[in-house]
Amino acid sequence: MRTPWIRSRLLLCLIFLVARFEPAQAQSLDLASSKVVDLSHAFNAETIYWPTSPSGFELKVLHKGPTKAGFFYYANAFCSPEHGGTHLDAPMHFAEGRWTNSDIPAERFVGPAIVIDVAAKAEANPDYLLTVEDISAFEAANGRIPDKAIVLLRTGWSSRWPDKKAYLGDDAPGDATHLHFPSFGPEAAAWLAKERHPNFIGVDTASVDNGPSQDFLVHRIIGAANIGGLENLTNLDQLPPKGAIVIALPMKIEKGSGGPARIIALVPR
């Protein structure tokens, strides 16, 4: 007499398990069938830093050539501010008491990539801000943005690298009050933080706030939610709207507010 009841319970459990684990299976990592896309600019003398940064990237050769023992040896020393080139903004960059660079749990640096493309809108308006409506349109076309994703904004600005004036909108040294480039809007950032809980947001411009911003609300919003930022990305045009996996590994600087990063994406072939 209880057999149908038991079968019903087992069926409900099976449905629950499929619903619970299907997204993870769909995002499983298969290196053999994936293409690796480098989302990072190389660090060199042309690397773009924020205009108020007192210095840029410096590389000093310590030794390059044969040693006294007769074998070849090559080593350098480098110096760099935390915030320049392809890099991490830790939450504490603009939010006191939140995670520093070394506090961010390692598992947060790996996640499903969501790529929202506003390149056409940014071309028409270099100060364009991502809106909640843009996110809604993305989800209508591609499905819900999963929790713990790495949400990337493609503006097309990486094609201007490393032309500082074209990339930043102004190249006056020491002055960050006349910049022009697109990025996330505060309302969109707040919505993502509250409704989708991403591990990171990232952009192919110099900041997760757009160029004219002087109050850096996006930095403050995501920092307060312990969400990191990834800035100065490239090759976002090689990623699909969804389906790729991002691995975003910064130099682990204890108590750092950020740091240089090598960021890659694994894209299904």
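Conventions used here
- Residues numbered from 1 in each chain as written.
- Predicted model: local features only at pLDDT ≥ 70, side-chain atom pairs only at ≥ 80, totals over all residues.
- Heavy atoms only, no water.
- Helix = DSSP H or I, 4+ residues; strand = E, 2+ residues; numbered from the N terminus.
- Buried < 20%, exposed > 50% of the residue type's maximum accessible area, 1.4 Å probe, protein only.
- Contact = heavy atoms within 4.5 Å.
- Areas by Shrake-Rupley, 256 points an atom, 1.4 Å probe, with all protein chains shown as cover.
- Axes fitted to C-alpha atoms, helices over the stretch in contact; angles between N-to-C directions.
- Parallel < 35°, antiparallel > 145°, perpendicular 65-115°, else oblique.
- Nonpolar A, V, L, I, M, F, W, Y, C, P; charged D, E, K, R; others polar.
- Patch = residues over 30% accessible without salt bridge, like charges linked within 9 Å, V, L, I, M, F, W, Y side chains within 5 Å.
- Salt bridge = Lys/Arg side-chain N within 4 Å of Asp/Glu carboxyl O.
- 1 Å grid on protein atoms, 1.4 Å probe; cavity = no way out; pocket = protein on both sides within 12 Å on 5 of 7 lines; lining within 4 Å.
- Points joined across faces, edges and corners; volume = space filled by probe spheres on them.
- Polar contact = N/O pair within 3.5 Å; in protein donor to acceptor, adjacent residues only side chain to side chain.
- Phe/Tyr/Trp six-rings, centres within 6.5 Å; stacked < 30°, edge-to-face > 60°.
- Lys NZ or Arg CZ within 6 Å of the ring centre and 35° of its normal.
- Pairing = 2+ DSSP bridges.

Asker: Is there a simple way to think about the overall build of the protein in this case?
Answerer: In terms of helices and strands, the protein carries six helices and twelve strands. Counting only residues that meet the buried cut, the protein has 42% of its 269 residues in that class. Looking at the protein alone, contacts between residues at least 24 apart form 74% of all its contacts between residues at least 6 apart. Here the protein has roughly 14400 Å² of accessible surface; of this, 58% comes from carbon and sulfur atoms.

Asker: So what exactly am I meant to see when it comes to the packing of helix H5 (residues 186–195) against helix H6 (residues 217–224) here?
Answerer: To characterise two packed helices, one gives the angle between the axes of the helices and the distance between these axes. Remark: H5 packs on H6, axes separated minimally by 9 Å, with the N-to-C direction vectors making an angle of 10°. Considering their axes alone, H5 and H6 lie roughly parallel with respect to each other. On H6, the residues touching Pro186, Ala189 and Ala190 of H5 are Leu217, Val218, Ile221 and Ile222. Taken together, the residues of the contact of H5 with H6 sort by class into seven nonpolar, no polar and no charged.

Asker: I would appreciate a short explanation of a nonpolar patch on the surface in the present structure.
Answerer: Together, Leu59, Val61, Phe72, Tyr74, Phe78 and Met251 give the surface a local cluster of nonpolar side chains, amounting to about 620 Å² of exposed area. Contributing elements (two or more residues each) for the nonpolar patch: strand E2 (58–66) and strand E3 (72–79). The greatest single-element share of the nonpolar patch, amounting to three residues, is contributed by E3. You can see Leu59 is positioned in strand E2.

Asker: Can you help me understand the pattern of salt bridges in this one?
Answerer: Should their charged atoms come close, side chains of opposite charge can pair. The tally for this structure, following the rule as stated, stands at six salt bridges. When the shortest N-O distance is used, the salt bridge between Asp147 and Arg144 registers 3.6 Å. Among the residues examined, Asp147 registers a relative accessible area of 40% and is labelled partly exposed.

Asker: Could you clarify how one ought to interpret the layout of surface pockets in this entry?
Answerer: To find the voids left in a structure, one rolls a probe of water-molecule size over its atoms. Volume-wise, the second largest pocket comes out at about 210 Å³. Together, 18 residues line the second largest pocket, and Trp50, His83, His93, Ala206 and Glu231 are the ones closest to its centre. Of the residues contributing to the lining of the second largest pocket, the split by class is eight nonpolar, eight polar and two charged.

Asker: I keep staring at the side chain of Thr205 and nothing clicks. Help me out?
Answerer: Among the secondary structure elements, Thr205 is positioned in the loop between strand E9 (200–203) and H6. On the basis of relative accessible area, Thr205 is assigned to the buried category, the value being 0%. Looking at Thr205, its side chain comes within polar contact range of the main-chain oxygen of Ser207, at 3.1 Å. Setting aside chain neighbours within four positions, we find Thr205 in contact with Thr155, Trp157, Tyr167, Phe181, Pro182, Ser183, Glu231 and Asn232.

Asker: It is not clear to me how the packing of aromatic side chains should be interpreted in this structure. Could you clarify?
Answerer: Pairs of aromatic rings are described using the distance from one ring centre to the other and the angle between the two planes. The full count for this structure, using the stated rule, is seven aromatic pairs. Centroid distance Phe94 to Phe216: 5.4 Å. Interplanar angle 40°. Geometry classified as tilted. You can see Phe94 sitting in the loop between strand E4 (87–89) and strand E5 (110–117) and its partner Phe216 sitting in the loop between E9 and H6, a full 122 residues away along the chain. Given a relative accessible area of 31%, Phe94 falls into the partly exposed group. With 5.2 Å between their ring centres and 90° between their planes, Trp161 and Tyr167 make a pair best called edge-to-face. Of the residues examined, Tyr167 reaches a relative accessible area of 0% and is grouped as buried. Taken together, the ring pairs connect Trp50, Phe94, Phe181 and Phe216 into an aromatic cluster. Positioned above the aromatic ring of Tyr74, the side-chain terminus of Lys64 is 5.0 Å from the ring centre. The aromatic ring of Trp157 is capped on one face by Arg160, whose charged end is 3.7 Å from the ring centroid.

Asker: How should the pairing of strand E7 (residues 150–154) be read in this particular structure?
Answerer: Where burial is concerned, most of E7 is hidden: four out of the five residues are buried. Pairing analysis gives five bridges linking E5 to E7, with the strands arranged parallel. Residue pairing for E7: Val115 is matched across the bridge by Leu152.

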